[in-house]
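Here is what each chain is made of, one letter per residue.
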Amino acid sequence: MKDKRGSGTIIFGLLFLIPFMTFSLFLIESRLLYTVKNAADDAVTAAALAALKSTNPVDIAYGEYMLDINTARETFYEYLRKNMKLDAGMNPLPGSIAAGAVYVEEFTVYNPGSYPTFCSRGTYIQNTAIHVVVRFKTRRAALKGLFGEYVDITIHRDVDNYYNLQEE
């Protein structure tokens, strides 16, 4: 006689293990992608802060100040390339988190006279600020067959250096 309990256990195990492993990989991959997005967000924020400082520091100390749009843009691109390990054409170098070209879709400088207003993504602007939207692709670590090999990441950041002591 053959024992049929083993086949039932194997089928039950497969029905349980396959979805469990897929869900586990999904959780790990989503956390990894979240970390990649945070690293890119930090790189964009640091580049925008460098661009804000591209003006005369004495002017910054007195509140409202004017940013030269071309200087701010050049400074932003320079630091974004360094922070995200990109070449001059905004393509990834070895060690970059991007898997393809990085696109700066929007770059807007808000100087006195152009605010108060809302940026194109709905953030209220009330100080000298830089609005940036960066888009790039990164490689998926797992589950490539289910969801594709790449993930599109979009970073929207509005950066100013205003600190309001009265809000605390």
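If you're wondering where the values come from, they're calculated on a predicted model, not measured in any experiment. (Residues numbered from 1 in each chain as written. Predicted model: local features only at pLDDT ≥ 70, side-chain atom pairs only at ≥ 80, totals over all residues. Heavy atoms only, no water.)

Visitor: What am I meant to see in the pattern of salt bridges here?
Guide: Any two side chains of opposite charge can pair, so long as their charged atoms come close to each other. This structure, assessed with the given rule, holds 7 salt bridges. The residue glutamate 78 makes a salt bridge to lysine 82 at a minimum N-O spacing of 3.3 Å. One end of the pair is glutamate 78 and the other is lysine 82, both in helix 3 (residues 69-84) and 4 residues apart, which spans about a single turn. Overall, the relative accessible area of 52% leaves lysine 82 in the exposed class. (Salt bridge = Lys/Arg side-chain N within 4 Å of Asp/Glu carboxyl O. Helix = DSSP H or I, 4+ residues; strand = E, 2+ residues; numbered from the N terminus. Buried < 20%, exposed > 50% of the residue type's maximum accessible area, 1.4 Å probe, protein only.)

Visitor: I keep staring at the nonpolar core and nothing clicks. Help me out?
Guide: Soluble globular proteins: nonpolar side chains tend toward being buried together. Core analysis: the largest hydrophobic core is formed by 30 residues, its most contacted members being Phe76 and Ile130. At the level of secondary structure, the elements contributing two or more residues to this core comprise helix 1 (5-52), helix 3, strand 1 (103-110), strand 4 (129-139) and strand 5 (150-160). With 9 residues, the single largest contributor to this core is helix 1. Apart from the residues within four sequence positions on either side, isoleucine 130 is in contact with Ala48, Ala51, Leu52, Leu67, Ala72, Phe107, Thr108, Val109, Arg157, Asp158 and Val159. (Core = buried A, V, L, I, M, F, W, Y, C linked by side-chain atoms within 4.5 Å. Contact = heavy atoms within 4.5 Å.)

Visitor: It is not clear to me how the pairing of strand 4 should be interpreted in this structure. Could you clarify?
Guide: Side-chain positions along a regular strand alternate between the two faces of the sheet. With respect to burial, strand 4 is a largely interior element, 8 of its 11 residues being buried. Both strand 1 and strand 4 contribute to a ladder of 7 bridges, which runs antiparallel. Within strand 4, the position partnered with valine 109 by the bridge is isoleucine 130. Of the pairings in the sheet, the one linking strand 4 to strand 5 comprises 11 bridges and is antiparallel in character. Across the sheet, the residue bridging to valine 132 is arginine 157, located in strand 5. (Pairing = 2+ DSSP bridges.)

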